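Residue-level structural notes
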Amino acid sequence: MTDKILVTGGAGYIGSHIVIELSAAGYAPLIVDDFSNSSPSVVPRLSEITGHDVPCVTGDIRDRRLLAGTLSEHAVAAVVHCAGLKAVGESESRPLAYYDSNIGGTIALAEAMADAGVKTIVFSSSATVYGQAGSNPIAEDAPLMPESVYGRTKLMIEQLLRDLARSDPAWRVALLRYFNPAGAHASGRIGEAPSATPNNLMPILAQVGAGKLPEIAVFGSDWPTPDGTGVRDYIHVVDLAEAHVAALAHLQRAAGVTTLNLGTSRGYSVLEAIAAFERACSKPITRRMAPRRAGDVAICVADASAARVTLGWVARRGLDAMCADAWRWQLHRDA
Ligand code: NAD
Ligand code: UD1
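None of the values given here were measured: they were computed from a predicted structure.

Cut-offs and rules
Residues numbered from 1 in each chain as written. Chains lettered and ligands numbered in written order. Predicted model: local features only at pLDDT ≥ 70, side-chain atom pairs only at ≥ 80, totals over all residues. Heavy atoms only, no water. Helix = DSSP H or I, 4+ residues; strand = E, 2+ residues; numbered from the N terminus. Rg over C-alpha atoms; globule rule 2.2 N^0.38 Å. Contact = heavy atoms within 4.5 Å. Areas by Shrake-Rupley, 256 points an atom, 1.4 Å probe, with all protein chains shown as cover. Lys, Arg positive; Asp, Glu negative; His and termini not counted. Charge placed at Lys NZ, Arg CZ, Asp CG, Glu CD. Buried < 20%, exposed > 50% of the residue type's maximum accessible area, 1.4 Å probe, protein only. Polar contact = N/O pair within 3.5 Å; in protein donor to acceptor, adjacent residues only side chain to side chain. Near = heavy atom within 4 Å. Nonpolar A, V, L, I, M, F, W, Y, C, P; charged D, E, K, R; others polar. Salt bridge = Lys/Arg side-chain N within 4 Å of Asp/Glu carboxyl O. Axes fitted to C-alpha atoms, helices over the stretch in contact; angles between N-to-C directions. Parallel < 35°, antiparallel > 145°, perpendicular 65-115°, else oblique. Left-handed = near helix turned anticlockwise from the far one by under 90°.

Of the regular secondary structure elements, the protein holds 11 helices and 14 strands. A globule of 335 residues ought to have a C-alpha radius of gyration of about 20 Å, and the protein, at 19 Å, matches this closely. In terms of overall dimensions, the protein has a C-alpha envelope of 55 × 45 × 40 Å along the principal axes. Residue pairs at least 24 apart in sequence account for 81% of intrachain contacts in the protein once pairs closer than 6 positions are excluded. Of the roughly 13,900 Å² of accessible surface on the protein, a fraction of 52% belongs to carbon and sulfur atoms. Charged side chains in the protein number 30 positive and 34 negative. The centres of these two groups are separated by 2 Å.

Inspection of the secondary structure puts Thr259 in strand β11 (residues 256-262). With a relative accessible area of 18%, Thr259 lands in the buried category. At 3.1 Å, the side chain of Thr259 forms a polar contact with the side chain of Arg162. If we skip the residues at most four places from it in the chain, Thr259 touches Glu140, Arg162, Leu175 and Arg177.

Residues in close proximity to ligand 1 total 27 residues, the closest being Ile14, Asp33, Asn37, Ser38 and Tyr150. Here Ser38 contributes a side-chain N or O atom positioned 2.7 Å from an oxygen atom of ligand 1. Protein contact buries 94% of the 820 Å² of open area that ligand 1 shows by itself. Secondary-structure elements contributing two or more residues to the shell around ligand 1 are α1 (13-24), β5 (120-126) and α6 (149-167). Per element, the largest residue contribution to the shell around ligand 1 is 3 residues, and it comes from β5. Class assignment for the residues of the shell around ligand 1 results in 10 nonpolar, 11 polar and 6 charged.

This brings us to the pattern of salt bridges. Enumeration over the complete set of coordinates arrives at 20 salt bridges. We note a salt bridge from Lys119 to Asp168, for which the minimum N-O separation is 2.6 Å. Of the two residues, Lys119 is situated in the loop between α5 (95-116) and β5 and Asp168 in the loop between α6 and β6 (172-178); the sequence distance between them amounts to 49 residues. A salt bridge links Asp320 to Arg279; its shortest N-O distance comes to 3.0 Å. Highlighted residues: Asp320 in helix α11 (residues 319-334) and Arg279 in helix α9 (residues 270-281), separated in sequence by 41 residues. In this structure Asp320 comes out as partly exposed when scored by relative accessible area, which is 42%. Salt bridges sharing common partners tie together Asp239, Glu242, Arg316 and Arg317.

Attention shifts here to helix α7 (residues 201-209). Counting buried positions over the 9 residues of α7 gives 9, a clear majority of the element. Of the positions making up α7, those classed as buried are Leu201, Met202, Pro203, Ile204, Leu205, Ala206, Gln207, Val208 and Gly209. On the buried face of α7, the contacting elements are β7 (180-182), β8 (216-219), β10 (234-236), α9 and α11. Trailing α7 by a residue or two, Gly211 shows a phi angle of about 80°, which is positive.

Further remarks concern the site of ligand 2. Near ligand 2 you find 20 residues, and of these Leu201, Ala217, Arg232, Arg293 and Asp296 are the closest. Within the side chain of Asn200, one N or O atom sits 3.0 Å away from an oxygen atom of ligand 2. Within the backbone of Phe219, a nitrogen or oxygen atom sits 2.8 Å from an oxygen atom of ligand 2. For ligand 2, whose accessible area on its own is 740 Å², the fraction buried by protein is 84%. Elements supplying a minimum of two residues to the shell around ligand 2: α7 and β8. With 4 residues, the top contributor of residues to the shell around ligand 2 is β8. Residues belonging to the shell around ligand 2 are distributed by class as follows: 11 nonpolar, 6 polar and 3 charged.

With respect to the element layout, Ser47 can be found in helix α2 (residues 42-50). Residue contacts for Ser47: discarding those within four places in its chain leaves His52, Asp53 and Val54.

Next up on the list: the packing of α5 against α6. One can describe the packing of α5 onto α6 by two numbers: an axis separation of 10 Å at closest approach and a directional angle of 20°. In terms of orientation, α5 and α6 fall into the roughly parallel class. Between α5 and α6 lies a crossing whose hand is right-handed. Each of Pro95, Tyr98, Tyr99, Asn102, Ile103, Thr106, Ile107 and Ala110 in α5 lies in contact with α6, whose residues at this interface are Val149, Tyr150, Arg152, Thr153, Met156, Ile157, Leu160, Leu161 and Leu164. Residues that form the contact of α5 with α6 fall into these classes: 13 nonpolar, 3 polar and 1 charged.

Printed below as a string of structure tokens:
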């Protein structure tokens, strides 16, 4: 029988791409989402892209009864847990909302899972748990020093899931630390759709390309990097989604907790990313050199070798593909 996989936050940017890759791999994904940061219109598009009905339960993961009903009604085999709040700046001004949604949501989810006997979970963690990493590339055993409320919720959830797995060896947990997800599905039908003005580089570049924003402010040109601008490990969202499929397969073989960085092990500077986006959209991107942004680091690049060894997975799509796919999505959105 086809395994049913519940994707919390499955209508969101990363979750929607995971739904597609799960379906392509022969799983039957279903979604719980409250659409607080996504649109219900994503769901029929997922059904069209996958060629299968993608059931979606509208609701909040803090609603334990809703989760219990969903897990039992659909006989869910495992959960990919993407639902949560993710804006670093907002987490500083609304800390309780972040603790409540991210940690409270995970507790409610884990309780409902335990009650239903569903004890396999893949969690969307973040490279932000490393904070100001001492050296690059960053391996999984680097010190964990998140600098924001958002980052601390991610680390606390990792700890919560570790404690759960220690208490009951039936749990199988993958903690996946994403570096900088970018790009969109090649169909151009789903992608990142920030409701507010974006703060991240790639969606800003897409909006400058589309004429919705006048320019990109480059935050710092005096970083200790080859061209003076910040270096990040951008990873195509479809590669990221594929890693979740590999992680689920891994958890069938491995009990306990598996913690992995998901990146390409290759960094690009802001200026390199702008140049790649200009190639993708065939337009000049107006940029303005600006002071450093508070909280930024010079370089943040994954050592992704553990994911290669453990999952047999590597990111295959490069920066040009990320920009081309992000641009195609931007054009479709505007159409
Ligand atoms: P997103 O906001 O696009 O997706 C999250 C989805 O969860 C949305 O559809 C939202 O409506 C839903 N949601 C939020 N709170 C909910 C709740 N309480 N109950 C039910 N649904 C809820 O974000 P994303 O970029 O797809 O991120 C997915 C996950 O990956 C998040 O946990 C995020 O912290 C993590 N992550 C994202 C990035 C990134 O750059 N996008 C990087 C590292 C980690
Ligand atoms: C941010 C989050 C991090 C999250 C990650 C992936 C912060 C402090 N960190 O990381 O928690 O996991 O996104 O979503 O928000 N840049 C500009 N101009 C801009 C925007 C960005 O020059 O207008 C630069 C930044 O200085 C950085 C690079 O582009 O060097 C990438 O920035 P961004 O996309 O915001 O991601 P991070 O800051 O790496």
